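Report on the structure
For reference, the chains in residue letters:
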Amino acid sequence: MNARSKPVRKAVLPSAGLGTRFLPATKAIPKEMLALVDKPLIQYAVEECVASGIEDVVLVTSRGKSAMEDHFDRAPELESFLESKGKASLAEAMRRLAGLARLRSVRQQEPLGLGHAVLQARDLVGDEPFAVLLGDVVMTGPQPATRQLVEIYEATGDGAIAAAPVPREQVSLYGIIDHDPPIERDGRQLYRIRDLVEKPAPDEAPSTLSIVGRYLLPPEIFGYLERTKPGRGGEIQLTDALRQLARERTLWAYVCQGKAYDAGDKLGFLEATVELALADGELGSSFRAWLRDLKI
Ligand code: UTP
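Now for a quick tour of the structure. Computed from a predicted structure; not experimentally measured. (Residues numbered from 1 in each chain as written. Predicted model: local features only at pLDDT ≥ 70, side-chain atom pairs only at ≥ 80, totals over all residues. Heavy atoms only, no water.)

**Re the overall build of the protein chain**
When its secondary structure is counted, the protein chain shows 11 helices and 14 strands. Here the C-alpha atoms of the protein chain give a radius of gyration of 20 Å, agreeing with the 19 Å that 2.2 N^0.38 yields for 296 residues. C-alpha extents for the protein chain along the principal axes are approximately 60 × 50 × 40 Å. Of all 296 residues assigned to the protein chain, the portion counted as buried reaches 47%. Here the analysis covers contacts within the protein chain between residues at least 6 apart in sequence; of these, 76% occur between residues at least 24 apart. Only carbon and sulfur atoms are counted for the fraction: they give 51% of the accessible area of the protein chain, which is about 14800 Å². Of the charged side chains in the protein chain, 38 are positive and 42 negative; the average position of the first set lies 1 Å away from that of the second. (Helix = DSSP H or I, 4+ residues; strand = E, 2+ residues; numbered from the N terminus. Rg over C-alpha atoms; globule rule 2.2 N^0.38 Å. Buried < 20%, exposed > 50% of the residue type's maximum accessible area, 1.4 Å probe, protein only. Contact = heavy atoms within 4.5 Å. Areas by Shrake-Rupley, 256 points an atom, 1.4 Å probe, with all protein chains shown as cover. Lys, Arg positive; Asp, Glu negative; His and termini not counted. Charge placed at Lys NZ, Arg CZ, Asp CG, Glu CD.)

As structure tokens, then:
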């Protein structure tokens, strides 16, 4: 552990966006409650936190999104109903879900951007390093992406963000990382971030490494966010505060093992559904057989 590192105990899940890419499904239901197989997106993110050793989770929500809090609350009537029908293990699973993490929530009163959403969690996070997980990005792989970032923070005492290579012709869809050549640290290749560029043209992109939706940030990010002026789309962008942090301190990018799906996008959602359904213990083999026979 680096002498500057403090234990990472908290995570912030910004979940106050409007989910316009998924309308009309997200008109009355939060995007984060859309289910991949049988679990809503937000549950994948909370489970990733817990699997990464983080049990204090701050949900940043907005009007009309209380279904997320209900999802992680006890449901005594449902539990007794399931027990009365002989479904004790399902009742137990519902109880475990309610005890999964220590959840607190804070409201973002207007959707003023991802950076603004993270800033709303300042009082609940305090002077500690914390993870940020975008619930609409679902990550699969042998080790949780957040855990990988926690380990980088513990080794370096610096912030780190998850990155993924993308084809050059697609860089204009992503935030792209301008970075130094990689250095090796505890068997991992880390890229020191020089700058971040939102959606560059392919011939202007400084690299083909994109920002993925998992961050491990020092508490100083809040000061940068407070000073960040509205940027692209009139929103307070987390990326703008990260650019300042990277310039004045050290911020690493790391290509996490595993795959990232943008489940806030229809195609990404379908791709994630297929991968998770194929990996599902109960459904996997019959789903695979059905896919093989699918006449297209
Ligand atoms: P997105 O841009 O993917 O989410 O924001 P969105 O705005 O909900 O969706 P579209 O693009 O209109 O379909 C990335 C993350 O930041 C959160 C979102 O909930 C999502 O997890 N966010 C975004 C906020 O919490 N507040 C905001 O003001 C903006």
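There is more to say after this.
**Quick look at the site of the ligand**
Taken together, 17 residues lie near the ligand, and Gly 19, Thr 20, Arg 21, Gln 108 and Gly 113 sit nearest. In this structure, Gly 19 approaches the ligand through a main-chain N or O atom, which is 2.8 Å from an oxygen atom. Measuring from an oxygen atom of the ligand, one finds a backbone N or O atom of Leu 112 at 3.3 Å. When grouped by side-chain class, the residues that make up the shell around the ligand number seven nonpolar, six polar and four charged. (Near = heavy atom within 4 Å. Polar contact = N/O pair within 3.5 Å; in protein donor to acceptor, adjacent residues only side chain to side chain. Nonpolar A, V, L, I, M, F, W, Y, C, P; charged D, E, K, R; others polar.)

**Describing the nonpolar core**
The biggest cluster of nonpolar side chains holds 66 residues, and the ones touching the most others in it are Leu 13, Phe 130, Ile 161, Ile 177, Tyr 215, Ile 221 and Leu 242. Ranked by residues supplied to this core, first place goes to strand β12 (residues 209-217) with six residues. Beyond its immediate chain neighbours, meaning those up to four positions away, Leu 13 contacts Ile 42, Ala 45, Val 46, Cys 49, Val 57, Val 58, Leu 59, Val 60 and Leu 133. In this structure, Phe 22, Leu 34, Tyr 44 and Tyr 261 belong to the second largest nonpolar core, which totals 11 residues. (Core = buried A, V, L, I, M, F, W, Y, C linked by side-chain atoms within 4.5 Å.)

**Some details on the layout of surface pockets**
By volume, the second largest pocket is sized at about 440 Å³. In terms of lining residues, the second largest pocket is bounded by 19 residues, among which Asp 38, Lys 39, Gln 43, Glu 47 and Asp 280 are the most central. Secondary structure elements with two or more residues in the lining of the second largest pocket: β3 (39-40), α1 (41-51), α4 (88-98) and α10 (266-279). Here the lining of the second largest pocket gets four residues from one element, more than from any other, and that element is α4. (1 Å grid on protein atoms, 1.4 Å probe; cavity = no way out; pocket = protein on both sides within 12 Å on 5 of 7 lines; lining within 4 Å. Points joined across faces, edges and corners; volume = space filled by probe spheres on them.)

**Quick notes on α1**
Along an α-helix, residues three or four apart share an orientation, since each turn contains 3.6 residues. Burial analysis of α1 places eight of its 11 residues in the buried class, which makes it a mostly covered element. Listing the buried residues of α1 in full gives Leu 41, Ile 42, Gln 43, Tyr 44, Ala 45, Val 46, Glu 48 and Cys 49. A positive backbone phi angle near 90 degrees is found at Gly 53, which sits one or two residues after α1.

**Regarding the packing of aromatic side chains**
With the rule as written, the count across this model stands at three aromatic pairs. The interplanar angle of 75 degrees and the centroid separation of 5.3 Å between the aromatic rings of Phe 22 and Phe 269 together place this pair among those described as edge-to-face. Remark: Phe 269 occurs in helix α10 and Phe 22 occurs in the loop between β1 (10-14) and β2 (35-36); sequence separation between them is 247 residues. For Phe 22, a relative accessible area of 11% translates into the label buried. Their ring planes at 15 degrees and their centres at 6.1 Å tell us that Phe 287 and Trp 290 sit as a pair that is stacked. Of this pair, Phe 287 and Trp 290 both sit in helix α11 (residues 284-293), separated by three residues, roughly a single helical turn. Positioned above the aromatic ring of Tyr 254, the side-chain terminus of Arg 188 is 5.6 Å from the ring centre. (Phe/Tyr/Trp six-rings, centres within 6.5 Å; stacked < 30°, edge-to-face > 60°. Lys NZ or Arg CZ within 6 Å of the ring centre and 35° of its normal.)

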